[in-house]
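Understanding the architecture of this molecule
Next come the chains, spelled out residue by residue.
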Amino acid sequence: QVHLVESGGGLVQPGGSLRLSCAASGLSFSLYRMSWYRQAPGAERELVARIYSDGSTTEYSDSVKGRFTISRDNAEKTVYLQMNSLKPEDTAVFSCNAHYSVGQWVYDYWGQGTQVTVSS
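The paragraphs below set out a description of the structure included in this document. Bear in mind that the values here come from a model prediction, so they are computed numbers and not experimental data. (Residues numbered from 1 in each chain as written. Predicted model: local features only at pLDDT ≥ 70, side-chain atom pairs only at ≥ 80, totals over all residues. Heavy atoms only, no water.)

So, about the environment of Ala43. Checked against the element boundaries, Ala43 lands in the loop between strand S4 (33-39) and strand S5 (46-51). The exposure class assigned to Ala43 is partly exposed, which follows from its relative accessible area of 36%. Each C-alpha atom of the pair Ala43 and Ala92 lies 9.4 Å from the other, and the pair is 49 residues apart in sequence. (Helix = DSSP H or I, 4+ residues; strand = E, 2+ residues; numbered from the N terminus. Buried < 20%, exposed > 50% of the residue type's maximum accessible area, 1.4 Å probe, protein only.)

Laid out in structure tokens, this is it:
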């Protein structure tokens, strides 16, 4: 059974930093593309950052580029999101996603999410 467990969320002041973690189990982690998404109240879920299986390729939304860094530790089966210079508009539930496809088979898993609130 696959589990993705996020941690590291919380309340932080504008300009502060947080580091989110997503620990995976029950899957061949090194094969999976890992992503962080967020969903603010009343808004659609949006992709924040993505890292491919070998860790050499990353993608970021324009809204977080230069402030957030995604990384992964395949040995620890964990993906991280370092968030710096946080803004109130970063307030959202952050969820991690694991995705792997081969041929017609698609494997896609989600964590339960962790709340990030940026407020003074």
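Don't stop here, the text continues.
Applying the stated criterion across every chain, the model contains one disulfide. One disulfide bridge connects Cys22 with Cys96, the sulfur atoms lying 1.9 Å from each other. You can see Cys22 sitting in strand S3 (residues 18-25) and its partner Cys96 sitting in strand S9 (residues 92-102), a full 74 residues away along the chain. Across this residue pair, the class does not change: Cys22 and Cys96 are buried. (Disulfide = S-S within 2.5 Å.)

Strand order in this open sheet of four strands is S1-S3-S8-S7, and the pairing throughout is antiparallel. With partners counted over all chains shown, the strands left at the sheet margins are strand S1 (3-7) and strand S7 (68-73), one partner each. Averaged over all neighbouring strand pairs, the angle between strand axes comes to 15 degrees, with direction disregarded. For S1 and S3, the ladder comprises five bridges, and the chain directions are antiparallel. Within S3, the residue paired with His3 across the bridge is Ser25. (Pairing = 2+ DSSP bridges. Axes fitted to C-alpha atoms, helices over the stretch in contact; angles between N-to-C directions.)

A few words now on a nonpolar patch on the surface. Together, Val102, Trp105 and Tyr107 make up an exposed nonpolar region whose accessible area comes to about 300 Å². Relative to the helices and strands, Val102 is located in strand S9. (Patch = residues over 30% accessible without salt bridge, like charges linked within 9 Å, V, L, I, M, F, W, Y side chains within 5 Å. Areas by Shrake-Rupley, 256 points an atom, 1.4 Å probe, with all protein chains shown as cover. Salt bridge = Lys/Arg side-chain N within 4 Å of Asp/Glu carboxyl O.)

Before going further, it helps to examine the nonpolar core. In this structure, Met34, Trp36, Leu81, Met83 and Phe94 are the most contacted members of the largest nonpolar core, which totals 27 residues. Those elements that place two or more of their residues in this core are S3, S4, S5, S7, strand S8 (78-83), S9 and strand S11 (114-118). (Core = buried A, V, L, I, M, F, W, Y, C linked by side-chain atoms within 4.5 Å.)

To continue, consider the packing of aromatic side chains. Taken as a whole, this structure holds four aromatic pairs when the rule is applied. Summarising the aromatic geometry, the rings of Tyr32 and Tyr109 are spaced 6.2 Å apart at their centres and angled 45 degrees between planes, so their arrangement reads as tilted. One end of the pair, Tyr32, is in the loop between S3 and S4; the other, Tyr109, is in strand S10 (residues 105-110), and 77 residues separate them in sequence. Note on Tyr32: relative accessible area 6%, which makes it buried. Through a chain of ring-to-ring contacts, three or more aromatic side chains come together here, namely Tyr32, Tyr100, Tyr107 and Tyr109. Over the face of the ring belonging to Tyr80 we find Arg19, whose NZ or CZ atom lies 3.9 Å from the ring centre. The ring of Trp110 carries Arg45 above its face, with NZ or CZ at 3.8 Å from the centroid. (Phe/Tyr/Trp six-rings, centres within 6.5 Å; stacked < 30°, edge-to-face > 60°. Lys NZ or Arg CZ within 6 Å of the ring centre and 35° of its normal.)

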